[in-house]
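Breakdown of the fold
Chain residues, written in single-letter form:
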Amino acid sequence: MKEESYELFKSADIETILELLERELKNRNESPFWRDKVVPFSAAILSVLIPLRDAGMLFNPEGYPESELTPELFFRWSDFLSLKTLAFTIQRSNEAGMLLRTRLDEELCKKYESIDLRVLGDYLSRYTVNLENESLDFPISNYNLHQGVSNVIKSLL
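Below is a short write-up of the structure. What you see is a predicted model; the values in this text were computed from it and never measured.

1. A short note on the packing of helix α4 (residues 71-78) against helix α5 (residues 80-96)
Running from amino to carboxyl end, α4 crosses α5 at an angle of 90°, the nearest separation of the two axes being 5 Å. In terms of axis orientation, α4 runs roughly perpendicular to α5. Residues Arg76, Trp77 and Ser78 of α4 touch α5, and the partners they reach there are Phe80, Ser82, Leu83 and Leu86. Across the contact of α4 with α5, the residue classes break down as four nonpolar, two polar and one charged.

Written out as structure tokens, the structure is:
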């Protein structure tokens, strides 16, 4: 990973990170197939991780606290099943008015403020993720596609 990527994930806003990805996609002349998928996928993930980062409430897919947003944490959440779990965690947290399903300090979790799930929800619904019932699965082909998208993003950062 480039040092620039760590600095961006640590403090940049979502637009700045997405602009870097778009620029790298153009510079590397990636296939339009991947170009059409990388930025929306990254925007969906970052639409939740950036607000968590800014609130000091980052956690990994196992629920353990993370001190900063790094490319590695981003990729942990880019696993399609983990991303689906993140969406349901934030949805339930929004309803409860506190951050749930994590191992963060309880007092910190009580300071949670709702996160807008429209970008992530719209993205997941396009790939047939049922947003009403967490136990329902999605097609394995969508999981595999997103593994490929993640690999393209890794090559850009």
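Here the narrative resumes, following the displayed structure.
2. As for the environment of valine 129
Note on placement: valine 129 falls in the loop between α7 (118-126) and α8 (140-156). Looking at valine 129, the relative accessible area reads 5%, which means it is buried. Between the C-alpha atoms of valine 129 and leucine 81, which are 48 residues apart in sequence, the distance is 9.7 Å. With residues up to four places along the chain from it excluded, the contact list for valine 129 reads Phe80, Lys84, Leu124 and Phe138.

3. Some points on the nonpolar core
Leu49, Leu52, Leu86, Ile90 and Ile153 are the most contacted members of the largest nonpolar core, which totals 50 residues. Secondary-structure elements contributing two or more residues to this core are α1 (3-11), α2 (14-27), α3 (32-55), α4, α5, α7 and α8. With 11 residues, α3 is the largest single contributor of residues to this core. Beyond its immediate stretch of four places on either side in the chain, leucine 49 contacts Leu58, Leu69, Phe74, Trp77 and Leu86.

4. Thoughts on the pattern of salt bridges
For the structure shown, the criterion picks out nine salt bridges. Here glutamate 134 ties to arginine 101 by a salt bridge, and the two come within 2.9 Å at their closest N and O atoms. In this pair, glutamate 134 sits in the loop between α7 and α8 while arginine 101 sits in the loop between α5 and α6 (106-109), placing the two residues 33 residues apart along the sequence. The partly exposed category is assigned to glutamate 134, whose relative accessible area is 21%. You can call arginine 101 partly exposed: its relative accessible area is 42%. Salt bridges linked by common partners bring Lys2, Glu24 and Arg28 together as one network.

5. Digging into the packing of α5 against α7
Following both chains from N to C, one finds α5 and α7 inclined at 135°, their axes separated by 11 Å at the closest point. In terms of their interaxial angle, α5 and α7 are classed as oblique. Regarding α5 and α7, the two cross each other, and that crossing is left-handed. Each of Phe80, Leu83, Lys84 and Ala87 in α5 lies in contact with α7, whose residues at this interface are Leu120, Tyr123 and Leu124. Of the residues assigned to the contact of α5 with α7, the class counts are six nonpolar, no polar and one charged.

6. Comments concerning the packing of aromatic side chains
What the rule picks out here adds up to eight aromatic pairs. The interplanar angle of 85° and the centroid separation of 6.4 Å between the aromatic rings of phenylalanine 80 and tyrosine 127 together place this pair among those described as edge-to-face. In this pair, phenylalanine 80 sits in helix α5 while tyrosine 127 sits in the loop between α7 and α8, placing the two residues 47 residues apart along the sequence. The exposure classification of phenylalanine 80 matches that of tyrosine 127, with both residues buried. Aromatic rings pair up to connect Phe41, Phe80, Tyr123, Tyr127 and Phe138 into one cluster. We note lysine 37 situated over the ring of phenylalanine 33; from NZ or CZ to the ring centre the distance is 4.4 Å. In this structure, lysine 154 is placed above the aromatic ring of phenylalanine 75, and the distance from its NZ or CZ to the ring centre is 5.3 Å.

Reading the values: rules and limits
Going along each chain's sequence as written, the residues are numbered from 1 onward. Where local features are concerned, this predicted model is filtered to residues with pLDDT of at least 70; where side-chain atom pairs are given and counted, the filter is 80 or more; whole-chain, interface and lining totals use all residues. In computing side-chain properties, one takes all heavy atoms of the structure into account and sets aside hydrogens as well as water. Note on geometry: axes are lines fitted to C-alpha atoms, helical ones only across the stretch in contact, with angles between N-to-C directions running from 0 to 180 degrees. For helices the rule is a DSSP run of H or I covering at least 4 residues; for strands it is a run of E covering at least 2, with both sets numbered from the N terminus onward. To sort the angles, those under 35 degrees are grouped as roughly parallel, those over 145 as roughly antiparallel, those from 65 to 115 as roughly perpendicular, and the leftovers as oblique. What makes two residues a contact is simply this: any of their non-hydrogen atoms within 4.5 Å. Under this grouping Gly is polar, as are all residues other than the nonpolar Ala, Val, Leu, Ile, Met, Phe, Trp, Tyr, Cys and Pro and the charged Asp, Glu, Lys and Arg. The buried label goes to any residue with under 20% of its type's maximum accessible area, the exposed label to any with over 50%, and the partly exposed label to all in between, with areas taken from a 1.4 Å probe on protein chains only. As used in this record, nonpolar core signifies buried Ala, Val, Leu, Ile, Met, Phe, Trp, Tyr and Cys residues forming a set joined through side-chain atoms within 4.5 Å. Basic side-chain nitrogens of Lys or Arg form a salt bridge, by our definition, when they fall within 4 Å of a carboxyl oxygen of Asp or Glu. By definition, any crossing whose near helix is turned counterclockwise from its far helix by less than a right angle is left-handed, and any crossing with a clockwise turn is right-handed. Ring pairs are drawn from Phe, Tyr and Trp, using the six-membered ring of Trp, whenever the two centres fall within 6.5 Å, and their geometry is named by plane angle: stacked under 30 degrees, edge-to-face over 60, tilted for the rest. Here, over-ring charges are defined by two tests on the NZ atom of lysine or the CZ atom of arginine: distance to the ring centre within 6 Å, and angle to the ring normal within 35 degrees.

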